[in-house]
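These are the residues of each chain, in order.
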Amino acid sequence: RGVLHLAVQSGVPIVPVRCDARPAFRLRAWDRKVVPLPFARIRIRFGAPLTVDAEGFSEAERALTVSLTNAAN
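Let me sum up the structure you'll find in this document. (Residues numbered from 1 in each chain as written. Predicted model: local features only at pLDDT ≥ 70, side-chain atom pairs only at ≥ 80, totals over all residues. Heavy atoms only, no water.)

### As for a nonpolar patch on the surface
Move 1: A grouping of Val15, Val17, Ile42, Ile44 and Phe46 is seen on the molecular surface, where their side chains present a nonpolar patch of about 490 Å² in accessible area.
Move 2: Per-element accounting of the nonpolar patch gives the leading share, three residues, to strand E2 (residues 34–46).
Move 3: Of note, phenylalanine 46 is situated in strand E2.
Move 4: Looking at phenylalanine 46, the relative accessible area reads 61%, which means it is exposed. (Patch = residues over 30% accessible without salt bridge, like charges linked within 9 Å, V, L, I, M, F, W, Y side chains within 5 Å. Areas by Shrake-Rupley, 256 points an atom, 1.4 Å probe, with all protein chains shown as cover. Salt bridge = Lys/Arg side-chain N within 4 Å of Asp/Glu carboxyl O. Helix = DSSP H or I, 4+ residues; strand = E, 2+ residues; numbered from the N terminus. Buried < 20%, exposed > 50% of the residue type's maximum accessible area, 1.4 Å probe, protein only.)

Pasting the structure below:
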């Protein structure tokens, strides 16, 4: 929710981004950080920018969740 509050206060849209690499090593930390192996292919996917205002906060939250879920699949 923090990024949504920042977007409302700044007036700047949110751009969902997803990165993955193959082959890669995934660390066993809380964030499961990905470390690409040499010669890995790295893929970066961008979602559509989401504009957030105070009135549409909960709607923007749902749209951001859907966008990130779609990027993960």
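### Overview of the nonpolar core
Move 1: One finds Leu4, Ala7, Ile14, Leu50, Val52, Phe57, Ala60 and Leu64 forming the largest nonpolar core, which totals eight residues.
Move 2: Residue assignment for this core shows that the elements contributing at least two residues are helix H1 (2–10) and helix H2 (57–72).
Move 3: A total of three residues in this core trace back to one element, the largest contributor, which is H2.
Move 4: Each residue touching leucine 50, except ones within four places of it in the same chain, is listed here: Pro13, Ile14, Pro16, Ala63 and Leu64. (Core = buried A, V, L, I, M, F, W, Y, C linked by side-chain atoms within 4.5 Å. Contact = heavy atoms within 4.5 Å.)

Distances and angles like these do not, on their own, reveal function.
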